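The chain contents come next:
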Amino acid sequence: MSLLSLSAMKTSIGQYAVLHDVTLEVPEGGVFVLLGRNGAGKTTTLRSIMGLWRPSPGSVRFRDRDITTMHTADIARLGFAYVPENMGVFGGLTVEENLILATSKGKFDPVRLKRVYALFPALEKFWTKQAWALSGGQKQMLAVARSIIEPRELILIDEPTKGLAPSIIDAMADAFREIAATTTILLVEQNFEFAKALGRDMAVIDDGRIAHRGSMADFVADKQLQDRLLSLSA
Amino acid sequence: MKNLGAMFERFGGVNLLPVLVAIVAFVLIGAPSSWVTLTIAGLAMGMMIFLMASGLSLIFGLMDVLNFGHSAFVSFGAFVAASVLAFFGAWLGGDSVFLSGLALFLAIAAAIVVGLLGGWFFERVIVKPVYKDHLRQILITMGALIVAEQIILAIWGGTPTSVPRPAFLEGAWIVGDVSVEVYRVFAFALGLAVYAALALILNRTRIGLLIRAGVENREMVEALGFRVDRLFVAVFMVGSALAAMGGAMWAGYQTLISPALGAEMMIVVFIVVIIGGLGSIEGTLLGALLVGLLGNYVGFLAPKMALASNMILMMAILMWRPSGLRPAIK
Ligand SMILES: Nc1ncnc2c1ncn2[C@@H]1O[C@H](COP(=O)(O)OP(=O)(O)O)[C@@H](O)[C@H]1O
Ligand SMILES: [Mg+2]
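One structure accompanies this document, and this report is about it. (Residues numbered from 1 in each chain as written. Chains lettered and ligands numbered in written order. Predicted model: local features only at pLDDT ≥ 70, side-chain atom pairs only at ≥ 80, totals over all residues. Heavy atoms only, no water.)

### Some thoughts on the pattern of salt bridges
Then, number 1: The full count for this structure, using the stated rule, is 16 salt bridges over all chains.
Then, number 2: Where glutamate 219 of chain B meets arginine 47 of chain A, a salt bridge forms, and the shortest distance between an N and an O atom there is 2.7 Å. Of this pair, glutamate 219 of chain B sits in helix H10 (residues 218-223) while arginine 47 of chain A sits in helix H1 (residues 42-49), which puts the two residues in different chains.
Then, number 3: The class for arginine 47 of chain A is buried, based on a relative accessible area of 12%.
Then, number 4: The partner of arginine 184 of chain B in a salt bridge is glutamate 181 of chain B, with the nearest N and O atoms 3.3 Å apart.
Then, number 5: When its relative accessible area of 15% is taken as the criterion, arginine 184 of chain B is described as buried.
Then, number 6: Using a relative accessible area of 28% as the deciding quantity, one classes glutamate 181 of chain B as partly exposed.
Then, number 7: Within this structure, Glu28, Arg63 and Glu153 of chain A form a network of salt bridges that share partners. (Salt bridge = Lys/Arg side-chain N within 4 Å of Asp/Glu carboxyl O. Helix = DSSP H or I, 4+ residues; strand = E, 2+ residues; numbered from the N terminus. Buried < 20%, exposed > 50% of the residue type's maximum accessible area, 1.4 Å probe, protein only.)

Written out as structure tokens, the structure is:
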């Protein structure tokens, strides 16, 4: 059984239908990559999962539970973490305060905290700094750190490499590999190089529909398919 | 010019504005004793306006709700406190500082309780159905303000109600040739204490953290597993209670109040919240002190300009800083 299943999701923003028919099974464990051109509906898919947009018709199931109409906060409490495209870091709060809000009890587990420090040393260095003063890469680290400061079942990450320097992207990839050893990541990416090194299973969304679904290895081998689904000219 | 700007920031930036206003006023007024009296009056007024406005700022910041009915709580606070004080008139007139202090305490407490309960009712019944719809928020909360005014008319009547106050807050201290009204010092001190308590809660507690985070990005707080809508009810109640407390203190300051009080204060309160920057109580305090001081100075120097001065201040500040002096980070 898959961890997350989306079936025939149609999501409209205002009058405008953005997702037409998204059906997708995300298995448990590892990194599942969702690719797609700019404007294809990747962000909207993640927001529909988190209950920030409401699909209608269509459903979202987590394990054997229908979460389609659940409140975002209750979905989060099931063990979801969401790292949005704009990172969602609270600029007026310190790094520490940002992280403490991501714990359900308001206390850090020392082991997890150590792990966060090890993955992202910059966060320890700027622990008491207000988050607006961090660089883009550091903000992204903070956003990812929030998603792993407690055990989670599923982490949704929206284009974490956007606008980041190559050295930081490498650090991010290492972090994701380590995180995915113990939890499931649904990763949305446009950076194919980054995504192909991480994903085991993948899907491509195009114009609000799932256009391809398979293993990353097969997709990497099929240049034609990549061109058809991801190239800007198509 | 650039150096001047850097200097300004180094010495406290926008926090300096009330001081600058006070210095300019000192030069224009000339007579130090009048200046001291006006400054104390301005600070006291500013603190009371801060109480009235702080809740509105957080309510808008957290849920993007425009509540034009906020000042109804100012009115209710004022009238409830006036009635409680009148009820304990014998204590107020007596010699016991304890009894008159108790009467004052009960009056303010009654206003706060009415604010909490009224805030709860108002949020659940009137505001909740119109989340995310500014136009309907404006219409329905304005309507509620009118209804509140009618309720006050029905209970307390249309003629101005006089507000008795404890003997120990009457009169003035004379220091040299300066006279300092006791009630003003009391209002300033109480307002400052409330500000300190609010700042402590917002900066040092988990609830405060959630409120500050929610003002910045409500969705993200929800995605971290917190029900901001439930938190909002509490913030709405406390904000309404603070407005009622401000109204109660205002009643004692004016000593004569009429049902139009709420509508009159609404404009000032909105100006303060806009000047200060939405969603931050530091900004609201700054805006309130500026409005309080300027109101008193201008009232003395050019009485005809008193009303317009707030509007001019607001426009000047918005031209300089379009999102207010110290807005919450968005
Ligand atoms: N808030 C919104 N209002 C209106 N249209 C939107 C909104 N968000 C996204 N869209 C539209 O929905 C489509 C898909 O957007 P999105 O899911 O953000 O794409 P992606 O993340 O794949 O780049 C785009 O055409 C975009 O213009
Ligand atoms: Mg996107």
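Once the structure has been displayed, the description carries forward.
### Things to note about the interface of chain A and chain B
Then, number 1: The interface is formed by 28 residues belonging to chain A together with 19 residues belonging to chain B.
Then, number 2: For the chain A and chain B pair, buried surface summed over both sides reaches about 1,900 Å², with 61% attributable to carbon and sulfur atoms.
Then, number 3: For chain A, the biggest contributors to the area lost against chain B are His71, Phe90 and Leu101 of chain A; these three give 31% of the whole.
Then, number 4: At the surface where chain A touches chain B, the tally comes to three salt bridges.
Then, number 5: Taken together, the links from chain A to chain B amount to nine residue pairs in polar contact (both at pLDDT 80 or more).
Then, number 6: Elements with a minimum of two residues in the side of chain A that touches chain B: helix H2 (72-77), strand E6 (80-83) and helix H3 (95-101) of chain A.
Then, number 7: Of the residues forming the side of chain A that touches chain B, the biggest block, five residues, is contributed by H2 of chain A.
Then, number 8: For the side of chain A that touches chain B, a count of residues per class yields 14 nonpolar, eight polar and six charged. (Contact = heavy atoms within 4.5 Å. Buried area = accessible area lost by both parts, 1.4 Å probe. Polar contact = N/O pair within 3.5 Å; in protein donor to acceptor, adjacent residues only side chain to side chain. Nonpolar A, V, L, I, M, F, W, Y, C, P; charged D, E, K, R; others polar.)

### A closer look at the coordination of the magnesium ion (ligand 2)
All names here are of chain A.
Then, number 1: With distances of 2.0 to 2.6 Å, the protein atoms coordinating the magnesium ion (ligand 2) are Thr43 (OG1) and Glu85 (OE). A residue pair is termed long-range when its members are at least 10 positions apart, and threonine 43 in helix H1 and glutamate 85 in the loop between E6 and H3 qualify at 42 residues.
Then, number 2: Residue classification places threonine 43 among the partly exposed residues on the basis of a relative accessible area of 24%.
Then, number 3: Assessed through its relative accessible area of 26%, glutamate 85 is described here as partly exposed. (Donors = N, O, S within 2.8 Å, 3.2 Å for Na, K, Ca; no water.)

### Looking at the pairing of strand E10 (residues 209-215) of chain A
Then, number 1: Bridging between strand E9 (residues 201-206) of chain A and E10 of chain A involves six bridges; their strand directions are antiparallel. Bridging across to E10 of chain A, alanine 203 of chain A finds its partner in arginine 213 of chain A. (Pairing = 2+ DSSP bridges.)

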